[in-house]
Amino acid sequence: MKIIRPDEEAHVQTVAPGGGTRLACALLAACLAAPGAAAPYVPESDDAVLLEVAPSDDAAIARLRQLREATRHAPDNVRLVSQFARAAIEHARATADPRWLGYAESALGAWNGRDTVPAEIRMLRATIAQNRHRFDSALAELDAVIATDPDHLQARVTRAVIHTVKARYDAAIADCEAAADDNALLLATCTGAARSLRGDAEAALAALDRRLADGAGDPGLRLWALSVAAEIAARLGHEDAGARYRRALAAPGAETDQPLRVAFADFLLDAGRPQEAMRVLAPFAQAEDARLRLLRARKQLMAAGERDDRDAWARERRALEARFDAVRARGGEDHYRERAYAALFLDEAPGRAVWLAAQNWRELKEPLDARLLLASAGAAGDAAAAAPVLDWMQRFDVQDVRLRALAAALKDPS
């Protein structure tokens, strides 16, 4: 069975279609009243560009529109609706056009509230819920699938990824073991992320390298394995981490792997290599994650005197914030991770970054989320704010040279 890297769709940022949401005034007011929260961006003119999307006249869009229209005439056709939703999610991920994820959710709405829901529909709904960081909803869908089919491979793997994001490492490993059966590469890859954050990073990386050397696995699984290995090597501070990222980027399917490119871009930006980061991110230049890193890269270039486009940079920074505001106002996710990243690396506003990173840590507990809170707390001189991350690092013996350096600096700011 082909394995779809389960975290790819989680990085697609979405604005749901207008018919499916309403202005959440109370939520918006609470967010704006939060300590350090930024006021919403108001475009300077009606001509301001908030979102660029792919051209609408190509063959892929035409096919998607045909499928979407067909689902309107047959909303109960599981095969047809699943085909459209899957294609729409993939298109949204590959092109950074957020509308199609909302269209997919709308097409799946025919099964909302029903007692009996096909597993394929539940899996697609779980993907969208995961994307929006509605992890409880995603887990409910996955639990229902696994209750009916304990051997459902994709459900097990996806649930393992969510457990890892939530720092439930034992539960993640249990799902990986149930899913892998006799697939050694899948087992090493699925458990690799959890094990590497539970004190076994070197062993997890060694296991991945052994299985990759065997040459087994379909291209999608091998790409996921290469990506996990690169990220573990970077956390361990291995000299070959950059080469590992490039090896992953050269693998089949990497041209549409946004999470891999974003992770490599952060690695390059940390090393002060903004030009390389910009080339890596070019295929996803309109996605929020990529735009944040591109703005950070341009800021590094301006600081080095290699670029002078401060006015254009400021306009694009405001436009990106407007996209975050639009999603939040329409009932979407709060983008705490992205806002914290922007406050820390783009705006140099550590006080706001601390608050945003702390809110983000409540839901997301990946190394990037830990770094955002540690670095923001250090920049703001607020060591107490970093306590949840420091507790997590101690509890699980997290092996990450970047996090340990930030933690050490908090304890000894001199």
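Starting from 1, residues in each chain are numbered consecutively following that chain's sequence as written. The predicted origin of the model limits local features to residues at a pLDDT of at least 70 and limits the giving and counting of side-chain atom pairs to 80 or more, whereas totals for whole chains, interfaces and linings rest on all residues. Excluded from the side-chain calculation are hydrogens and water; included are all heavy atoms of the structure.

*Asks:* Even after reading the chapter, I still don't get the overall build of the protein chain, so can you show me in this structure?
*Replies:* Runs of E in the DSSP output that reach at least two residues are strands. Runs of H or I that reach at least four are helices, and both are numbered from the N terminus. From N to C terminus, the protein chain includes 21 helices and zero strands. Throughout this description, buried means an accessible area under 20% of the type-specific maximum (1.4 Å probe, protein chains only), exposed means over 50%, and partly exposed covers the range between. For the protein chain, with 414 residues in total, the buried portion stands at 52%. The contact criterion used throughout is that any non-hydrogen atoms of two residues lie within 4.5 Å. Considering only contacts in the protein chain between residues 6 or more positions apart, those separated by 24 or more positions represent 62%. The accessible surface values rely on the Shrake-Rupley method and a 1.4 Å probe; as for residues, cover is taken only from the protein chains in view. Accessible area for the protein chain stands at about 18000 Å²; split by element, carbon and sulfur atoms hold 51% of it.

*Asks:* For this particular structure, what's the right way to read the packing of helix α18 (residues 350–361) against helix α19 (residues 367–380)?
*Replies:* When two helices pack together, their arrangement is given by the angle between the helix axes and by the axis-to-axis distance. Angles here are taken between N-to-C directions and fall from 0 to 180 degrees, while the axes themselves are lines fitted to C-alpha atoms, restricted in helices to the stretch in contact. Their axes nearest at 8 Å, the elements α18 and α19 cross at an angle of 150 degrees. Judged by the angle between their axes, α18 and α19 are roughly antiparallel. Crossing angle aside, the handedness with which α18 passes α19 is left-handed. Packed against α18, whose contacting residues are Pro350, Gly351, Ala353, Val354, Ala357, Ala358, Asn360 and Trp361, the element α19 presents Asp369, Ala370, Leu372, Leu373, Ser376, Ala377, Ala379 and Ala380 at the interface. Considered class by class, the residues forming the contact of α18 with α19 number 12 nonpolar, three polar and one charged. When an angle is under 35 degrees it counts as roughly parallel; over 145 it counts as roughly antiparallel; between 65 and 115 it counts as roughly perpendicular; any other value is oblique. Crossing handedness: left-handed means the near helix sits turned counterclockwise from the far one by under a right angle, and right-handed means the same turn made clockwise. When residues are sorted by character, Ala, Val, Leu, Ile, Met, Phe, Trp, Tyr, Cys and Pro go into the nonpolar class, Asp, Glu, Lys and Arg into the charged class, and all the rest, Gly among them, into the polar class.

*Asks:* What am I meant to see in the state of the cysteines here?
*Replies:* As used here, a disulfide is simply a covalent bond connecting the sulfur atoms of two cysteines. Two cysteine sulfur atoms make up a disulfide if the distance between them is within 2.5 Å. If you walk through the whole model with that rule in mind, you get one disulfide. Through a disulfide, Cys176 is tied to Cys190; the S-S separation comes to 2.0 Å. Linking Cys176 and Cys190, the disulfide has an S-S dihedral of approximately -75 degrees and is accordingly described as left-handed. Linking Cys176 in helix α8 (residues 169–180) with Cys190 in helix α9 (residues 184–196), this pair joins segments that are 14 residues apart in sequence. Just as Cys176 is buried, Cys190 falls in that class too.

*Asks:* Where do I start with the packing of aromatic side chains in this structure?
*Replies:* Within a pair of aromatic rings, the relevant descriptors are the distance that separates the centres and the angle that separates the planes. Within 6.5 Å between ring centres, the rings of Phe, Tyr and Trp (the latter by its six-membered ring) count as paired, and their orientation is classed by plane angle as stacked under 30 degrees, edge-to-face over 60, tilted in between. In total, this model carries nine aromatic pairs according to the counting rule given. An angle of 20 degrees between the planes, with centres 5.0 Å apart, marks the rings of Tyr245 and Phe264 as stacked. With Tyr245 in helix α12 (residues 241–249) and Phe264 in helix α13 (residues 258–270), this pair connects stretches of sequence that are 19 residues apart. One exposure class covers both Tyr245 and Phe264, and it is buried. Each member of the aromatic cluster is reached from another via a ring pair, and the members are Phe84, Trp100 and Tyr103. Positioned above the aromatic ring of Tyr103, the side-chain terminus of Arg68 is 3.8 Å from the ring centre. As a reminder, the over-ring test applies to NZ of lysine and CZ of arginine, requiring each to be within 6 Å of the ring centre and within 35 degrees of the ring normal.

*Asks:* Looking at this structure, I do not really get the environment of Gln275. What am I missing?
*Replies:* Within the secondary structure layout, Gln275 lies in helix α14 (residues 274–281). Judged by its relative accessible area of 40%, Gln275 falls in the partly exposed class. Considering only alpha carbons, one finds Gln275 and Ala265, 10 residues apart in sequence, at a separation of 9.9 Å.

*Asks:* In this structure, what is going on with a negative patch on the surface? I would like to understand it.
*Replies:* Exposure above 30% relative accessible area and the absence of a salt bridge qualify a residue for a patch, where like charges join within 9 Å and nonpolar side chains (Val, Leu, Ile, Met, Phe, Trp, Tyr) within 5 Å. By salt bridge we mean one thing: a side-chain nitrogen of Lys or Arg within 4 Å of a carboxyl oxygen of Asp or Glu. Neither His nor the chain ends contribute to the count of charged residues, in which Lys and Arg are positive and Asp and Glu negative. Just so you know, the charge point we use is NZ for Lys, CZ for Arg, CG for Asp and CD for Glu. Side chains of Asp149, Asp151, Asp181 and Asp182 sit close together on the surface and give a patch of like negative charge. Within the secondary structure layout, Asp181 lies in the loop between α8 and α9.

*Asks:* Whenever I open this one, the confidence of the model for the protein chain confuses me. Can you help?
*Replies:* When pLDDT drops low, the exact placement of atoms in the prediction is not to be read closely. Across the protein chain, the average pLDDT comes to 86, with 85% of residues at or above 70. The predictor reports its confidence for every residue as pLDDT, a score running from 0 up to 100. Overall, residues 8–57 carries pLDDT values under 50, and its contacts beyond four positions in sequence, including any with other chains, amount to 92 contacts.

*Asks:* Can you help me understand helix α4 (residues 99–108) in this one?
*Replies:* One turn of an α-helix holds 3.6 residues; hence residues three or four places apart share an orientation. In terms of residue burial, α4 counts as a mostly covered element, since seven of its 10 residues are buried. For α4, the set of buried residues is Trp100, Leu101, Gly102, Tyr103, Ala104, Ala107 and Leu108. In this structure, the buried side of α4 is in contact with α2 (59–73), α3 (78–95) and α5 (119–131).

*Asks:* Where do I start with the side chain of Arg298 in this structure?
*Replies:* Along the polypeptide, Arg298 turns up in helix α15 (residues 288–303). With sequence-adjacent residues up to four places away left out, Arg298 is seen in contact with Met278, Arg307, Asp309, Ala312, Trp313 and Glu316.

*Asks:* Got a minute to help me understand the packing of helix α20 (residues 387–396) against helix α21 (residues 401–411) in this structure?
*Replies:* The contact between α20 and α21 brings their axes to 11 Å, and the two run at 125 degrees. Considering their axes alone, α20 and α21 lie oblique with respect to each other. Of the two elements, α20 crosses α21, and the hand of that crossing is left-handed. In contact with Leu390, Trp392 and Met393 of α20, α21 contributes Leu403, Arg404 and Ala407.

*Asks:* What is the right way to look at unusual backbone geometry in this model?
*Replies:* Excluding glycine, residues mostly have negative phi values, and the peptide bonds linking residues are mostly trans. Notably, Asp181 is not glycine yet its phi reads approximately 55 degrees, a positive angle. According to the relative accessible area criterion, Asp181 is exposed, its value standing at 69%.

*Asks:* Help me out: how do you make sense of the environment of Arg244 in this one?
*Replies:* Following the sequence through the fold, Arg244 ends up in helix α12. For Arg244 and Ala229, which are 15 residues apart along the polypeptide, the C-alpha to C-alpha distance reads 7.4 Å.

*Asks:* What am I meant to see in the pattern of salt bridges here?
*Replies:* Pairs may arise between side chains of opposite charge once their charged atoms sit close together. Under the counting rule described, the total for this entry stands at 35 salt bridges. A salt bridge links Glu276 to Arg246; its shortest N-O distance comes to 2.7 Å. You can see Glu276 sitting in helix α14 and its partner Arg246 sitting in helix α12, a full 30 residues away along the chain. For Glu276, a relative accessible area of 21% translates into the label partly exposed. Between Asp347 and Arg352 there is a salt bridge; the shortest N-O distance is 2.7 Å. Looking at Asp347, the relative accessible area reads 27%, which means it is partly exposed.

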